[in-house]
Every structure is written in structure tokens, then in C-alpha cells.
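Topology and contacts: notes
The chain contents come next:
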Amino acid sequence: MLALKLILEGLGLGFLLYLVCAIGIWNGAVGMIHLYDKKVQDRVVQLGMTSAEKIKKRSVIFKGLCVPGYMIYVLVCVYCVNGTRGFLPGFWQAFVILSIMNLIDRLLIDGYWVGHTNAWIIPGTEDLRPYITAQDKKRKWLMGTVGMAVIAAALSGIMALILR
């Protein structure tokens, strides 16, 4: 039963990530340009579609709201909804939820949505495609997997200290 709950919680977090992306590109992919490679960002600025200041501002907003929001979601699921106590149970539950979100991000968002639809294409930058290169994919898989473990460990460690 807990496994199904964790899968659903991970799917929920993945859906939140999808919603953030969908809202971000609502008026065009330039809205999420802070997630693109620096070469694409520079081209978009050169084409007058946005400014370096706006890119930085969107990046700060994204990191300042979304990342803490995702962490709060995980903590609420693991410690409030699931009633978990202790480092190890908290760690593996947080890691499962975060890993499912990572899979959704890598396979569905990056792999399919960005890689195989027109939704993320920015006119005037088509020559810079693929926006997510093979090297980027390797880095994202590695950092995503290791990163999710580190985040899960940090969250669980903090909660283990708080809930003593």
C-alpha cells in the first residue's frame, strides 16, 4: 500500500513540474529560456525577445519558488501524509518520490515534450537544436539521480533532527 502511495505522490510531484513548465511556456518558450543552454539564451537576447536581466529574474523566481515548493511537497507527503519518522524511512520515501519526478522530467518533459514537439521551439534558434544535447542528457541523468539522493538525505536528516 505504501509503495502505491509513494508512486502516486511521485506522479503528483511530476505533474506539478509539468504544470510549472506549461505555465512557463504559456506565451511561448521564451518564458522558460532560463532552462536553456547559454547559447540559446544569448541568441534570444540578440533577437530582442527578452533581456539578460529578465532571464536572470525568471531563473531566480523559478529557483526561489519552485525548488522550495517541491521540497515542501515531499516533506508533507513523507512526514504528514505518510506519518514517517526516522532518517532511513524518510530518506527512501523522499528518494522514491523525487526519483519518479526525475524520471518524468528526463523521459516525458525533456525526452518527449522538449525533444519531439514544437512547444519549446524558439523561432530563430532552430539551428541550435537539439536544445538538450546528448552531453546535457548525461549530465542531467547523473546529477538528477545523485541530486535526488542528496536532497532526500538532507531533507530526511533535517526532519530526523526536528522530530526527535
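Every chain is numbered independently, its residues counted from 1 as its sequence is written. The model is predicted, so local features are restricted to residues of pLDDT at least 70 and side-chain atom pairs to those at 80 or more, both for listing and for counting; the totals for chains, interfaces and linings are taken over all residues. Think of the side-chain values as coming from all heavy atoms in the structure, minus any hydrogens and water.

**Observations concerning the layout of surface pockets**
We apply this condition: Only protein atoms enter the 1 Å grid used here. Points where a 1.4 Å probe fits but cannot escape make up a cavity, open sets with protein on both sides within 12 Å along at least five of seven lines make up a pocket, and a residue lines them when an atom lies within 4 Å of a point. Grid points are joined across faces, edges and corners, and a volume is the space filled by probe spheres set on the points. Where helices and strands are cited, they refer to DSSP runs of H or I of at least four residues and of E of at least two residues respectively, numbered from the N terminus. Gly is put with the polar residues, along with every residue not named as nonpolar or charged; the nonpolar set is Ala, Val, Leu, Ile, Met, Phe, Trp, Tyr, Cys and Pro, and the charged set is Asp, Glu, Lys and Arg.
Roughly 980 Å³ of internal volume is contained in the largest pocket. As for the largest pocket, its lining consists of 31 residues, and the residues nearest its centre are Leu35, Phe62, Asp105, Arg106 and Lys140. Mapped onto the lining of the largest pocket, the elements with two or more residues apiece are helix H1 (2–24), helix H3 (52–81), helix H4 (87–116) and helix H5 (134–162). Per-class residue counts for the lining of the largest pocket are 18 nonpolar, five polar and eight charged. Of all the secondary-structure elements, those providing two or more residues to the lining of the second largest pocket are H1 and H3. Partitioning the lining of the second largest pocket into residue classes produces ten nonpolar, six polar and two charged.

**Some details on the side chain of Asp105**
The criterion, for reference: Summary of the burial criterion: residues with accessible area below 20% of their type's maximum are buried, those above 50% are exposed, and those between are partly exposed, where the area comes from a 1.4 Å probe applied to protein chains only. Working rule for contacts: check all heavy atoms of both residues, and any pair within 4.5 Å makes them a contact.
When you line up the elements, Asp105 lands in helix H4. For Asp105, a relative accessible area of 16% translates into the label buried. Other than its neighbours up to four places away in sequence, Asp105 contacts Leu17, Asp110 and Gly111.

**Description of the pattern of salt bridges**
Any two side chains of opposite charge can pair, on the condition that their charged atoms come close. The condition is simple: Any carboxyl oxygen of Asp or Glu that lies within 4 Å of a side-chain nitrogen of Lys or Arg is treated as forming a salt bridge with it.
Tallying each qualifying case throughout the model produces six salt bridges. Arg106 is paired through a salt bridge with Asp105; the nearest N and O atoms lie 2.9 Å apart. Judged by relative accessible area, Arg106 falls into the buried class, the value being 11%. For the salt bridge of Arg106 with Asp110, the shortest nitrogen-to-oxygen distance reads 2.8 Å. A residue pair is termed a helical-turn pair when its members lie 3 or 4 positions apart in one helix, as Arg106 and Asp110 do in helix H4 at four residues. The two residues Arg106 and Asp110 agree in class, both being buried. A single network of salt bridges, built from pairs that share partners, joins Asp105, Arg106, Asp110 and Lys140.

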